[in-house]
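The residues making up each chain are set out below.
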Amino acid sequence: MAFPKKKLQGLVAATITPMTENGEINFSVIGQYVDYLVKEQGVKNIFVNGTTGEGLSLSISERRQVAEEWVTKGKDKLDQVVIHVGALSLKESQELAQHAAEIGADGIAVIAPFFLKPWTKDILINFLKEVAAAAPALPFYYYHIPALTGVKIRAEELLDGIQDKIPTFQGLKFSDTDLLDFGQCVDQNRQQQFAFLFGVDEQLLSALVMGATGAVGSTYNYLGKKTNQMLEAFERKDLSLALNYQFCIQRFINFVVKLGKKLKVSKNQRALPLEDCLSHRTLNY
Ligand SMILES: CC(=O)N[C@@H]([C@@H](O)[C@H](O)[C@H](O)CO)[C@@H](O)CC(=O)C(=O)O
C-alpha cells in the first residue's frame, strides 16, 4: 500500500470536462489546461469527473478516458489527481476505482448513491467500503454534497470510526454550508491526519477558521491565483486582508449567480468586469 501518501492540501480545481461543439470530449486541450492551472493559477491538484466535470452525465467509457488523459497530461506537472468514481451502480463505481488505481491516480472520491438512497449511516458506509476495497492502495475521500444527492446523513456521523471500516479513508470533501457539521468533523478527528477539503468556494474563509486543510471547487479553475492569495493572507494571520479577498471572490460568484442561466459570452465580450473585481483597485487594502 502506498500509505502514508502526501496529504492533499491547498487548492484543488474541480476540472471542467472540455467538449467540442458536437458534445464530444475534447481531449486535445487537456494538456494546455494542465499548464494553465499550474502556471496561471498556481493550482497543482485536480478533482476529475466530479460535479463540475459532469462525471455523472458521462458514460463509463468516457469517464475512464477523461481520467486517463488528466493523469497522463498531469504527470510531473501536477501534485495530485483525484478521480471521482461515484455512480449509482456499485459495480460501475468499483470498475472506475480499479481503473483509477491502474492509471496511477493519486486518490478516489465517492458521492452517496442518489436514486435509491442509503437511509442509514451503515448502509452508506457499506457502499463506500465496497468501492474503496476495489482500489486498496489509493487514498479514499468521501464526497459530501447533500444538496445534490439528497442524502442528508451528517458527515460528522459518517466519520465516526470510519477508518475501522475503510482503512484507506484519507479525508472529506465537504460541499455544504453547514459549518456546524463541518466544524464537528474537524473537532472530533483532531487525532487523525485527515484532509478536510471545503467545497463552497464563496465561504472558504469561514471554513479555514473551522480548520479546513484545503478546498476543492470549480472557481479554482480561474480564481485559483486570487484564492491562493487569500490562503496566504490567512496563513500570515492577516484576517482583514483575507476577508477582502473573500469578499472579492464573493462579488464575482454573486454576479454569476445573479446572471443564472443568462450567462452567455460572445467572442468579443467579457461576461463581467473581471479586472475590476479582481484588481487591486477594487480590493481596498
Ligand atoms: C454545487 C457545486 O458545483 N459546487 C462546487 C463549488 O465549487 C461551486 O461551484 C462554487 O462554490 C460556486 O458556488 C464544488 O463544490 C463542486 C466540486 O467540487 C466538483 O465539481 O466536484
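Note that the coordinates shown come from a computational prediction; the quantities given were computed from them, not determined experimentally. (Residues numbered from 1 in each chain as written. Predicted model: local features only at pLDDT ≥ 70, side-chain atom pairs only at ≥ 80, totals over all residues. Heavy atoms only, no water.)

### Notes on the site of the ligand
(1) Moving on: Looking at the ligand, there are 15 residues lining it, with Thr52, Lys173, Gly199, Glu202 and Ser218 nearest.
(2) Moving on: Here an oxygen atom of the ligand sits 2.6 Å away from a polar atom, N or O, in the side chain of Glu202.
(3) Moving on: Ser218 places a polar side-chain atom, nitrogen or oxygen, 2.7 Å from an oxygen atom of the ligand.
(4) Moving on: Contact with the protein chains covers 79% of the free accessible surface of the ligand, which is 490 Å².
(5) Moving on: When grouped by side-chain class, the residues that make up the shell around the ligand number 5 nonpolar, 7 polar and 3 charged. (Near = heavy atom within 4 Å. Polar contact = N/O pair within 3.5 Å; in protein donor to acceptor, adjacent residues only side chain to side chain. Areas by Shrake-Rupley, 256 points an atom, 1.4 Å probe, with all protein chains shown as cover. Nonpolar A, V, L, I, M, F, W, Y, C, P; charged D, E, K, R; others polar.)

### Thoughts on the UniProt feature "binding site: pyruvate" (unreviewed entry) in the protein
(1) Moving on: Per the UniProt record, "binding site: pyruvate" (unreviewed entry) is found at Thr52 and Val216. Spanning 165 residues, the named residues form one tight spatial group whose C-alpha atoms are at most 10.5 Å apart.
(2) Moving on: Mapped onto the secondary structure, Thr52 falls in the loop between strand E2 (45–48) and helix H2 (60–74).
(3) Moving on: Here Thr52 falls in the partly exposed class, since its relative accessible area comes to 25%.
(4) Moving on: If sequence neighbours within four positions are ignored, Thr52 has contacts with Ala14, Thr15, Ile16, Thr17 and Ser218.
(5) Moving on: Relative to the assigned elements, Val216 resides in strand E8 (residues 214–217). (UniProt positions renumbered as here; feature names shortened; annotations may be inferred. Helix = DSSP H or I, 4+ residues; strand = E, 2+ residues; numbered from the N terminus. Buried < 20%, exposed > 50% of the residue type's maximum accessible area, 1.4 Å probe, protein only. Contact = heavy atoms within 4.5 Å.)

### What to know about helix H4 (residues 121–133)
(1) Moving on: Its 13 residues place the ends of H4 18 Å apart at the C-alpha level, agreeing with the 18 Å of an ideal helix rising 1.5 Å per residue.
(2) Moving on: Of the surrounding elements, those touching the buried residues of H4 are helix H3 (90–103), strand E4 (107–110), strand E5 (140–144), helix H6 (155–159) and helix H7 (162–165). (Expected span 1.5 Å × (residues − 1).)

### A word on the packing of aromatic side chains
(1) Moving on: Counting across every chain of the model gives 9 aromatic pairs.
(2) Moving on: Ring centres of Phe174 and Phe182 lie 5.1 Å apart, and the angle between their planes is 55°; on these two criteria the pair is classed as tilted. Across this residue pair, the class does not change: Phe174 and Phe182 are buried.
(3) Moving on: An aromatic cluster is built from Phe169, Phe174, Phe182, Phe194, Phe196 and Phe198, whose rings are joined through pairwise contacts.
(4) Moving on: Between the NZ or CZ atom of Lys173 and the centre of the ring of Phe47, over which it lies, the distance is 5.1 Å. (Phe/Tyr/Trp six-rings, centres within 6.5 Å; stacked < 30°, edge-to-face > 60°. Lys NZ or Arg CZ within 6 Å of the ring centre and 35° of its normal.)

### Considerations on helix H1 (residues 30–41)
(1) Moving on: The first and last C-alpha atoms of H1 sit 15 Å apart over 12 residues, in line with the 16 Å expected at 1.5 Å per residue.
(2) Moving on: The complete set of buried residues in H1 reads Ile30, Gly31, Tyr33, Val34, Leu37 and Gln41.
(3) Moving on: Close packing links the buried residues of H1 with strand E1 (10–14), E2, H2 and helix H10 (224–235).
(4) Moving on: Gly42 occupies a position one or two residues after H1 and carries a positive phi of about 65°.

### A word on the sheet that holds E4
(1) Moving on: Here 8 strands make up a closed barrel; going around it, the order is E1-E2-E3-E4-E5-E6-E7-E8 and the pairing parallel. The sheet shows a mean angle of 25° between the axes of neighbouring strands, taken without regard to direction.
(2) Moving on: Examined bridge by bridge, E5 and strand E6 (residues 169–174) share 5 bridges and lie parallel to one another. Bridge pairing in E6 links Tyr143 to Lys173.
(3) Moving on: Set on the sheet, helix H8 (residues 179–187) makes contact with E5, E6 and strand E7 (195–198); between it and E7 the angle comes to about 160°. (Pairing = 2+ DSSP bridges. Axes fitted to C-alpha atoms, helices over the stretch in contact; angles between N-to-C directions.)

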